[in-house]
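An overview of the molecular structure
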Amino acid sequence: MKIIAVGRNYINHAKELNNPVPTEPVIFMKPDTAILKDNKDFYYPEFSDDVHYEVELVVRICNEGKHVASKFAHKYYDAIGLGIDFTARDVQTKLKERGLPWELAKSFDHSAVMSPLLAKTEFPNLNELEFSLKKNGETVQVGNTKNMIFDIQMLIVYISKYITLRKGDLIYTGTPEGVGPVSIGDKLEGFIAEKAMFSCQVK
Ligand code: MG
């Protein structure tokens, strides 16, 4: 499986990092070694002093798809979860300044926290789904899928023009505003609406 992630998919997050609001999705990937499941601890990596949390809604692909048409895109995902796209912001900033790919800032081991997945049919309206992140008990990010620049279906259409989607692939759909640093000792907890989805201790 592969993890495809979307950058700058919420206007207020693009603005908080002084990035332009994109006219096409910004796509990058994480390897399967990035996955951190089952509420396991996250160990702060030695190559960064500025790791940021980015809470994101995650979509699981359920069919092989290439050049998926918009009207069929809804058939290509079957489950929803919540994750964190951990980002070594200092590494990313250095790479961006030099016009280089972000890869190492985004794809390092355990940079993709992942909750259990729930059938999408459990959610009455995926186009207006609230999710949030607490750090040490305090809410630091609140997002709603209605504020996505490119919605889930548009992402499936766009990505599948370039990359064949396969059953089991995950799409991290982008983070809302409020990203910030984590420190050793922090506890991160993710929620979809009121439902607790994951907990992650930074060590
Ligand atoms: Mg992200």
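Attention here is on the structure that accompanies the text. Not measured: the values here are computed from a predicted model. (Residues numbered from 1 in each chain as written. Predicted model: local features only at pLDDT ≥ 70, side-chain atom pairs only at ≥ 80, totals over all residues. Heavy atoms only, no water.)

1. A word on empty space enclosed by the protein
Rolled over the atoms, a probe sized like a water molecule indicates the empty space that remains. Within the structure shown, the criterion is met by 2 cavities of 30 Å³ or more. Of the voids in this model, the largest cavity is the one considered here, and its volume is about 100 Å³. At the level of secondary structure, the elements contributing two or more residues to the lining of the largest cavity comprise β1 (3-7) and α2 (89-97). With 3 residues, α2 is the largest single contributor of residues to the lining of the largest cavity. (1 Å grid on protein atoms, 1.4 Å probe; cavity = no way out; pocket = protein on both sides within 12 Å on 5 of 7 lines; lining within 4 Å. Points joined across faces, edges and corners; volume = space filled by probe spheres on them. Helix = DSSP H or I, 4+ residues; strand = E, 2+ residues; numbered from the N terminus.)

2. Brief notes about the pattern of salt bridges
Taken as a whole, this structure holds 10 salt bridges when the rule is applied. The salt bridge partner of K106 is E54, with a shortest N-O separation of 3.3 Å. Placement of the pair is K106 in helix α3 (residues 103-106) and E54 in the loop between β4 (51-53) and β5 (55-61), with a sequence separation of 52 residues. The burial state of K106 is the same as that of E54; both residues are buried. Linking K135 and D186 is a salt bridge whose minimum nitrogen-to-oxygen distance equals 3.9 Å. Of this pair, K135 sits in strand β10 (residues 130-135) while D186 sits in the loop between β13 (180-181) and β14 (187-192); the two residues are 51 residues apart in sequence, bridging distant segments of the chain. Sharing partners across several salt bridges, the network here consists of K30, E54, D85, R89 and K106. (Salt bridge = Lys/Arg side-chain N within 4 Å of Asp/Glu carboxyl O. Buried < 20%, exposed > 50% of the residue type's maximum accessible area, 1.4 Å probe, protein only.)

3. Observations concerning helix α4 (residues 152-162)
Those residues of α4 that fall on the buried side of the exposure criterion are I152, L155, I156, V157, Y158, I159 and S160. The inward-facing, buried residues of α4 contact β1, β2 (26-30), β5, β6 (77-85) and β12 (170-172). (Contact = heavy atoms within 4.5 Å.)

4. Description of the nonpolar core
As a rule of thumb, nonpolar side chains are buried together in soluble globular proteins. Formed by 48 residues in total, the largest nonpolar core has its most connected members in I80, F86, I156, L188 and I192. In terms of residue count, the dominant contributor to this core is α4 (5 residues). Not counting residues within four places of it along the chain, the set of residues in contact with I156 comprises I61, V68, A73, Y76, Y77, L165 and I171. F28, I35, M114 and L170 belong to the second largest nonpolar core, which has 11 residues in total. (Core = buried A, V, L, I, M, F, W, Y, C linked by side-chain atoms within 4.5 Å.)

5. Describing the sheet that holds strand β7 (residues 87-88)
Through backbone hydrogen bonds, the strands of a sheet pair up, either in parallel or in antiparallel fashion. One open sheet accounts for 3 strands, arranged β7-β4-β13; its pairing is antiparallel. Bordering the open sheet on either side are β7 and β13, each of which pairs with just one other strand. (Pairing = 2+ DSSP bridges.)

6. Some points on the environment of D186
Overall, the relative accessible area of 8% leaves D186 in the buried class. A C-alpha to C-alpha distance of 35 Å links D186 and L165, two positions 21 residues apart in sequence. With sequence-adjacent residues up to four places away left out, D186 is seen in contact with K135, N136, P181, C200, Q201 and V202. A distance of 2.9 Å separates a polar atom in the side chain of D186 from a polar atom in the side chain of N136. (Polar contact = N/O pair within 3.5 Å; in protein donor to acceptor, adjacent residues only side chain to side chain.)

7. Considerations on α2
Buried residues of α2: R89, V91, Q92 and L95, and no others. Each buried residue of α2 lies within a common arc of 155° when the element is viewed along its axis, so the set occupies one face. Within α2, the exposed residues directed more than 90 degrees away from the buried face are K94 and E97. Summarising the contacts, the buried residues of α2 are in contact with β4, β7 and α3. Phi turns positive, to about 70°, at G99, one or two residues after α2. (Arc of directions from axis to C-beta.)

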